[in-house]
Amino acid sequence: MPSSPTGRRTGSEPSKPAAPAAPERVPAPERVPAPERARARRRRSPRPGHRLLRFDRALGVRFVAGADEAGRGCLAGPLVAAAVLLDLERIGPAETRALAALNDSKQQTPAARAELYPVILRIAARVAIVSRCAPGIDARGLHVTNLAALRDALALVARPGCLCLSDGFPVKGLPYERRAVIGGDAKSAAIAAASVLAKETRDRFMHRADTAHPGWEFAQHVGYATPEHREAIGRLGVSPLHRLSFQSAAYTQLAL
């Protein structure tokens, strides 16, 4: 057997394989808290009510009155016009947040309109709602009735120094500065607020009318010319709420 080595070992030690280098640690991206992300989204995409209020503030006046109507194109039920006066100097951050969901009433659900209704009544400086019945529309004509209702509503809320806005149609006969805004219910907070009040008020009336005049299903279509409404007219005839001056195919089969 070979003898064991004696004495001190000479020469270099055999080299050991180097340990593998630890992988470089990349710091994980910092997670932004959920409330911060929500606030960032709101800053990038402002709520509709904020955008509408910016339009009114850019007009350069303290008082802005807006008017709009609901039910102009219906076969039955009243035409309802509303006007809202906003005192922009008294609309602070809390009121702005409360009106964040404000928008054209046609872009909102019935639940959203019902929720905004008391908010608008609380924040507005003045509010007026006027209604024109079906016989009055038949007697005077729809367009004349519509303009008169918008004028009467604005006259009830306007004050010296205010700017009166109407949705689409120019309104005459008011001793205040006036301006017609095309598509105003999607641009101006005052007009949008008026559109919500007019639509919600008229819908509530038509829901009550469904009980007083059963069979026409007014609570479902609120007077518009839906297939169900036209079928009910063919089956039952017209109610006291129907506008007989409309040249509608729903009336062609009736001896009116």
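Going by the structure above, here's the rest.
Below, the structure is looked at part by part. Note that the coordinates shown come from a computational prediction; the quantities given were computed from them, not determined experimentally.

**Regarding the nonpolar core**
So, point 1. Ranked by internal contacts, the top residues of the largest apolar core, which has 31 residues, are Leu53, Val84, Leu86, Leu102, Ile120 and Leu165.
So, point 2. Only α2 (48-57), β1 (63-70), β2 (79-87), α4 (110-123), β4 (163-167) and α7 (189-212) provide two or more residues apiece to this core.
So, point 3. Per element, the largest residue contribution to this core is 9 residues, and it comes from α7.
So, point 4. Those residues within four positions of Val84 in sequence are excluded, and the remaining contacts are Val64, Ala65, Gly66, Ile120, Ala124, Arg126, Val127, Val157, Ala190, Ala193, Ala194 and Leu197.
So, point 5. Counting 20 residues, the second largest nonpolar core, distinct from the first, contains Ala81, Ala128, Leu154 and Val157.

**Details of the pattern of salt bridges**
Two side chains with opposite charge may pair up if their charged atoms get near one another.
So, point 1. Counted by the stated rule, this structure contains 12 salt bridges.
So, point 2. Asp203 is paired through a salt bridge with Lys199; the nearest N and O atoms lie 3.2 Å apart. With Asp203 and Lys199 both in helix α7, this residue pair falls 4 residues apart, about one helical turn. Assigned by exposure class, Asp203 and Lys199 land together as buried.
So, point 3. With a closest N to O distance of 3.1 Å, Arg235 and Glu231 form a salt bridge. Residue Arg235 and its partner Glu231 are both found in helix α9 (residues 227-236); the two are separated by 4 residues, about one turn of the helix.

**Some details on the environment of Gly66**
So, point 1. Position of Gly66 relative to the elements: it lies in strand β1.
So, point 2. Setting aside residues no more than four positions away along its own chain, Gly66 makes contact with Ala82, Ala83, Val84, Leu154, Leu165, Ala190, Ile191 and Ala194.

**Overview of unusual backbone geometry**
So, point 1. At Glu217, a position not held by glycine, the phi torsion is positive, near 60 degrees.
So, point 2. The phi torsion at Val222 lies on the positive side, around 45 degrees, for a residue other than glycine.

**As for empty space enclosed by the protein**
So, point 1. Enumeration over the complete set of coordinates arrives at 1 cavity of 30 Å³ or more.
So, point 2. Its volume calculated, the largest cavity comes out at about 40 Å³.
So, point 3. In this structure, the largest cavity is lined by Leu86, Leu99, Leu102, Ile120, Ile123, Ala124, Ala189 and Ala193.
So, point 4. Looking at the lining of the largest cavity residue by residue, the class counts come to 8 nonpolar, no polar and no charged.

Thresholds applied
Residues numbered from 1 in each chain as written. Predicted model: local features only at pLDDT ≥ 70, side-chain atom pairs only at ≥ 80, totals over all residues. Heavy atoms only, no water. Core = buried A, V, L, I, M, F, W, Y, C linked by side-chain atoms within 4.5 Å. Buried < 20%, exposed > 50% of the residue type's maximum accessible area, 1.4 Å probe, protein only. Helix = DSSP H or I, 4+ residues; strand = E, 2+ residues; numbered from the N terminus. Contact = heavy atoms within 4.5 Å. Salt bridge = Lys/Arg side-chain N within 4 Å of Asp/Glu carboxyl O. 1 Å grid on protein atoms, 1.4 Å probe; cavity = no way out; pocket = protein on both sides within 12 Å on 5 of 7 lines; lining within 4 Å. Points joined across faces, edges and corners; volume = space filled by probe spheres on them. Nonpolar A, V, L, I, M, F, W, Y, C, P; charged D, E, K, R; others polar.

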